[in-house]
Amino acid sequence: MRQLATSYAAGVPIDPAALIDRDRYPIDDLHHAATQSLIRHAREQLATAGVAEFPGFVRAEAVAAMVTESERLAVGAHHQDVMGTPYLELPDPGWPADHPRMTMGRSALTALPYDRFATTSELRAIYEWDPLLRFIAAALGVDDLYRYDDALGALNVAAMADGDELAWHFDHTDFVVSIALQPSDVGGDFQCVPKLRRADDEAYDRVAAVLAGTRDHDIATVPMTPGSLVLFAGRTSLHRVTPICGDRARYVALLGYDTEPGTCSSELLRLVRYGRAEPLTV
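Keep in mind that what you see is a predicted model, and the values were worked out from it rather than measured. (Residues numbered from 1 in each chain as written. Predicted model: local features only at pLDDT ≥ 70, side-chain atom pairs only at ≥ 80, totals over all residues. Heavy atoms only, no water.)

Take the overall build of the protein next. Each helix and strand counted, the protein has six helices and 17 strands in total. Considered along the principal axes of its C-alpha atoms, the protein spans approximately 60 × 45 × 35 Å. Restricting the contact set of the protein to residue pairs at least 6 apart, pairs at least 24 apart contribute 83%. Approximately 13,500 Å² of the protein is accessible, and the part contributed by carbon and sulfur atoms is 52%. (Helix = DSSP H or I, 4+ residues; strand = E, 2+ residues; numbered from the N terminus. Contact = heavy atoms within 4.5 Å. Areas by Shrake-Rupley, 256 points an atom, 1.4 Å probe, with all protein chains shown as cover.)

Moving on, we come to the packing of aromatic side chains. Scanning the model with the defined rule gives nine aromatic pairs in all. Taking the centre distance of 6.1 Å and the plane angle of 85 degrees together, the rings of Tyr25 and Phe54 count as edge-to-face. Remark: Phe54 occurs in strand β3 (residues 51–54) and Tyr25 occurs in the loop between β2 (13–14) and α1 (33–49); sequence separation between them is 29 residues. A relative accessible area of 4% means that Tyr25 is categorised as buried. For the pair Tyr25 and Phe57, a centre-to-centre distance of 5.3 Å together with 55 degrees between the ring planes defines the contact as tilted. With Tyr25 in the loop between β2 and α1 and Phe57 in the loop between β3 and α2 (60–74), the pair connects residues that are 32 residues apart, well separated along the chain. Residue placement shows Arg101 over the ring face of Tyr87; its charged tip is 4.0 Å from the ring centre. A cation sits over an aromatic face here: Arg197 above Phe170, 4.1 Å from the ring centre. (Phe/Tyr/Trp six-rings, centres within 6.5 Å; stacked < 30°, edge-to-face > 60°. Buried < 20%, exposed > 50% of the residue type's maximum accessible area, 1.4 Å probe, protein only. Lys NZ or Arg CZ within 6 Å of the ring centre and 35° of its normal.)

Right, let's get into unusual backbone geometry. Even without being glycine, Lys195 reaches a positive phi, approximately 50 degrees. Phi at Ala203 takes a positive value of approximately 50 degrees, unusual for a residue other than glycine. Locating Ala203 in the fold gives a position in the loop between β11 (190–193) and α5 (204–212).

Taken as a whole, this structure holds 15 salt bridges when the rule is applied. For Glu202, the salt bridge goes to Arg101, with nearest N and O atoms at 3.6 Å. Residue Glu202 is located in the loop between β11 and α5, and its partner Arg101 is located in the loop between β4 (79–84) and β5 (105–112); the two are separated by 101 residues in the primary sequence. Taking relative accessible area as the criterion, Glu202 reaches 23% and is therefore assigned partly exposed. (Salt bridge = Lys/Arg side-chain N within 4 Å of Asp/Glu carboxyl O.)

Structure, rendered in structure tokens:
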């Protein structure tokens, strides 16, 4: 059964499937030959390059509605501007001062939390659509996938304005699912060094070279194309967003999924990212 939502802009029921270019991406039928091809392509790209892109996944008119909503929610929202290591952990004085685990970098953005997106939101409708959940699980090659049980972090939009940036870092999760909504005028490039580390090799020398700017031939730039669905192996791939310049904000939607049920961000992470730990009360 298809889930219905109400369009925020129009106030009329919409079908989440109508927000997606199903001629190219018939993902609500996992047995469709085109969908099977998409799944194989995603697995191959994730295995070799650490990233799988689906350009034009969300229709242009739906992207425009999502950008409008993000612009509205970003006004007066909590802005984080913090220093941290590439490993998203506190520096441990047990490491040498010049070690990658001691290197600090700046990350600044405004994260728009899940509870700010109305049940009438196009973006929320796509995130809560079960066929998308099943397709992503198949593309990742996992048997079970669950939405985050997090009233703030399950779905959010990273809004980055002039001067914002994300320092080089590894994620704490195996994968990240995102939808590109709007690039900035200048800067805002998503750069990564795919598959840099492994469970049995942290590759500290290579990480240090990237952080120092002395090794750049391995750095890839992932296009910021509005409407693209992107799957990214963030735990093994070092990545950053270059500083934003200009009046045009950069918007990327981040969709929270995990192979285990009940995933929720820590209280500290919610405080840093959203300026509060608890959801809004109505």
